[in-house]
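Overview (structure and organization)
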Amino acid sequence: MSRNTYILAIDQGTTSTRAILFDEKGLPVATATAQIEHSQILPRAGWVEHDPMEIWSNVRTAMGHVAGDADLEPASVRAIGITNQRETVVVWDKATGKPVYNAIVWQDTRTSGICARLAEGHPAGADRFRETTGLPLSTYFAGPKIRWILDHLDERGERGTERAEAGELLAGTMDSWVVWNLTGGRRGDDDGEAALHVTDVTNASRTLLMDLGTMQWSEEICREIGVPLAMLPEIVPSSGVLGRVTRRRMFGGTPISGILGDQQAALFGQTCFEPGDTKNTYGTGAFLLLNTGTTPQTSDNGLLTTVAYQLGDADPVYALEGSVAMAGSLVQWLRDNLGIISTAAETEGLAMSLEDNGDCYLVPAFSGLLAPHWRPDARGALVGLTRFHTKAHMARAALEATAFQTREMVDAMCADAGEAAGSLRVDGGMVGNGYLMQFQADLLGVDVVRPEVTETTALGAAFAAGLAVGTWDSIDRLRELWREDHRWSPEMPEEERERLMARWRDAVERTLGWADAEG
Ligand SMILES: Nc1ncnc2c1ncn2[C@@H]1O[C@H](COP(=O)(O)OP(=O)(O)O)[C@@H](O)[C@H]1O
Ligand SMILES: O=P(O)(O)OC[C@H](O)CO
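In the annotation of an unreviewed UniProt entry, the protein is listed under the name Glycerol kinase and assigned to Dietzia aurantiaca. Turning to the protein, the UniProt annotation filed under Function (unreviewed entry) states: "Key enzyme in the regulation of glycerol uptake and metabolism. Catalyzes the phosphorylation of glycerol to yield sn-glycerol 3-phosphate." Checking UniProt for the protein, the heading Sequence similarities (unreviewed entry) contains the comment "Belongs to the FGGY kinase family."

As C-alpha cells, then:
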C-alpha cells in the first residue's frame, strides 16, 4: 500500500464505537474496521449512562484493530476524523483526566425538573432559548445535563460548581472527551504535550448553550442554565486541522482534522450539500436532516435548527432536524425485553407474512415523544389489540412506527420549507430491512434511496477530515464519490397512505398526558 492514502474515522455511537479506514475513493477498507459495544448503564427508570473510561478504552482498542491490519503502515493514515453520539456529556477533572460522574446519555430524562423550572413563568415557556440556540428546552440536550452533574457534586459536598468556575472541572460532549484523550489526556504523563479541549460547531449546537448567530457560547444562557464558561471547550469548525494525536499513542502525530456530530456526519457523508437535500438515518433513533443553506431557519412545526457543518473559516451551513428517540431501539426491545424475536432482521419476514397491519399501532413514546411533538408526558402504547393479533403484528407495528414517525417529521419539514420533499437518502442499521424501506416510500409518496456505502456517518467524518488535509480538494469531488445502491418507489394509493396516517395520529393522541411532565 502506498503512503498517505487513508483517512481513519472514529464513530463513537450510542451503543458502540467503530473505527473505519477509508480510501481515496471513499470506500471502507474491509480488513481495517472494528466495532465494539459498550455497557448501557440504567440505574433507574429514565436514566441512561455510559462509562467514559470504557468508551475511551474501546476507542483505543478499535484503533488498535485498524492499526493491526497486516497491510497497513500507520504512516499511510493521513488524518483522523471523529464523529459521535451527540448531547451525551462527560465532566472530568482537568488535572487527573478522570471523569467525576458517568456520561449522561442523550436519551436520559433526569433533567426534566431542571427544564421545567427554566421554562416556568417565562412567556415563551420551553421555547425561551429557541431564538438564540434553535432548540426547545428539553431533557435531550447537553447543557442541563452538565448542570445536573454539578448539582449532584455540590449535594455530596464535592464543590462541583466552585471547581467548574475555577476551571478545574471540564465538560464536553463525546467528541471533546475523545479528542482530549487522543491529544494528551491526563497531565503529568509527561512529555510536555497539552491535551486539547475543543468541540466542533455541530456538537456545540446541541448543548442549548451556543448562539447560532455567533457560533460562540451564549454567556447569558450559560448563566441561566448554570454552566460556568470556564469548563466549556473552545468551539472549532467541523473541518480543519485542530491538533495531532499525542506522540505516545498509536497513530502518534497524525492530524485530527474533522469533527461532526453523528447525524450531521451522515448528512455530510450522503453529500447533502445543497439547500433542500435531505437524509434520514435509521439507527437507535431516527434523525431526519434538511440542509437549509447558510441562513438558519426557524421551525414553526417542532423541528430543531442546528448547524450542519462548517468547513474551515467558511460560513456555517445550517439544517432543520427532526429527531425521534425510538426506532431500531424498538426492535431491540422486542428482542431483548419481550423475547418475541431473536434477531432484528426477523422482523422483515414477520411483517411480510401479513396482508395488512390488522389496525394495530405501536407508539414508542417510552421516554416521551421528541420531534415534532416534544411531549415528555407521553408514554408508549400498543393500540388496536384483539385476540386475533400475533407477534407478527407486533413486529410489523414496530417497523411501521419508525416510518410513521419519519412521515411526521417530513410533514413538519414540508410545512416549514413550504415545499414537498423530493427523494429521501437513507442510511443506518435499519435500511437493511426491505419491508420498512418499501413501507417508508409508500407512506411518503417519494423515492427512498440507499447509497452503496451505508456507513455514511463514519464516511462523513472521513470526508470532513480528508478535505482539511487535501485528500479531496472540494465538496464537488465528494459528490462524485456518492453512488446509489438501491431505490424504493411508492406503490401505495394516496388514499390508503392518508388513511394509515390518520390512524397513526389517533394512536399518538392516546399516549399524551399519561406521565407527569416533570418525570
Ligand atoms: N434488519 C433489520 N431490521 C430492523 N431493524 C434493524 C435491522 N438491522 C438492524 N436493526 C436495528 O438498527 C439498529 C442498529 O443500527 P445502527 O445504525 O448500527 O445504530 P446506532 O448507530 O444508533 O448504534 C438497532 O437498533 C437494530 O435493532
Ligand atoms: O449514536 P446514534 O447513532 O444513536 O445517534 C445518536 C444521536 O446523535 C443523538 O442525538
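1. A few points about the packing of helix α12 (residues 391-417) against helix α13 (residues 434-444)
Axis separation between α12 and α13 bottoms out at 9 Å; the angle between their running directions is 35°. Considering how the two elements wind past one another, α12 and α13 form a crossing that is right-handed. Where α12 abuts α13, its residues R396, L399, E400, T402, A403, F404, T406, R407 and V410 lie against Y435, L436, F439, Q440, L443 and L444. In the contact of α12 with α13, the residues fall into nine nonpolar, three polar and three charged.

2. With respect to the UniProt feature "binding site: sn-glycerol 3-phosphate" (unreviewed entry) in the protein
In the numbering adopted here, UniProt assigns the feature "binding site: sn-glycerol 3-phosphate" (unreviewed entry) to T14, R86, E87, Y140 and D262. Relative to the helices and strands, Y140 resides in the loop between α3 (130-133) and α4 (142-155). Setting aside residues up to four positions removed in sequence, Y140 forms contacts with R86, E87, W106, K145, R206, F287, L304, E321, S323, L370 and W374. Side chain to side chain, Y140 and R86 meet in a polar contact 3.2 Å long. You can call D262 buried: its relative accessible area is 11%. Non-local contacts of D262, meaning those with residues more than four positions away in its chain, are made with T83, N84, Q85, R86 and T457.

3. A few points about the sheet that holds strand β23 (residues 484-488)
Pairing is mixed across the open sheet formed by seven strands, whose spatial order is β17-β18-β16-β15-β21-β22-β23. Either end of the sheet is taken by a strand with one partner, and the two such strands are β17 (304-309) and β23. With direction set aside, neighbouring strand axes in the sheet form an average angle of 30°. Across seven bridges, the pairing between strand β16 (residues 286-293) and strand β18 (residues 317-324) is antiparallel. Its bridge partner lying in β18, A286 is registered against V324. Sitting on the sheet, α12 touches β15 (278-282), β16 and β18, and the angle it makes with β18 is about 145°.

4. Some thoughts on the sheet that holds strand β2 (residues 16-22)
The strand order β3-β2-β1-β5-β14-β13 describes an open sheet built from six strands, whose pairing is mixed. One side of each edge strand has no neighbouring strand; the edge strands of this open sheet are β3 (28-37) and β13 (239-244). Ignoring strand direction, the axes of neighbouring strands in this sheet form an average angle of 25°. Inspection of the sheet shows β13 paired to strand β14 (residues 255-261) by three bridges, in the antiparallel sense. Bridged to R244 within β14 is P255. Sitting on the sheet, helix α1 (residues 52-67) is in contact with β1 (6-12), β2, β3 and β5 (77-84), with an inclination near 160° to β3.

5. Thoughts on the site of ligand 1
Contacts to ligand 1 come from 15 residues, most closely from T15, T284, G328, G429 and N433. Separating a nitrogen atom of ligand 1 from a side-chain N or O atom of N433 is a distance of 2.9 Å. Against a free-state accessible area of 580 Å², the protein chains account for coverage of 79% of ligand 1. Counting residues per element, the shell around ligand 1 draws most heavily on helix α10 (residues 328-338), at four residues. Here the shell around ligand 1 is composed, by residue class, of four nonpolar, ten polar and one charged.

Here is what the cut-offs are and how they apply
- Residues numbered from 1 in each chain as written.
- Chains lettered and ligands numbered in written order.
- Predicted model: local features only at pLDDT ≥ 70, side-chain atom pairs only at ≥ 80, totals over all residues.
- Heavy atoms only, no water.
- UniProt positions renumbered as here; feature names shortened; annotations may be inferred.
- Axes fitted to C-alpha atoms, helices over the stretch in contact; angles between N-to-C directions.
- Helix = DSSP H or I, 4+ residues; strand = E, 2+ residues; numbered from the N terminus.
- Left-handed = near helix turned anticlockwise from the far one by under 90°.
- Contact = heavy atoms within 4.5 Å.
- Nonpolar A, V, L, I, M, F, W, Y, C, P; charged D, E, K, R; others polar.
- Polar contact = N/O pair within 3.5 Å; in protein donor to acceptor, adjacent residues only side chain to side chain.
- Buried < 20%, exposed > 50% of the residue type's maximum accessible area, 1.4 Å probe, protein only.
- Pairing = 2+ DSSP bridges.
- Near = heavy atom within 4 Å.
- Areas by Shrake-Rupley, 256 points an atom, 1.4 Å probe, with all protein chains shown as cover.

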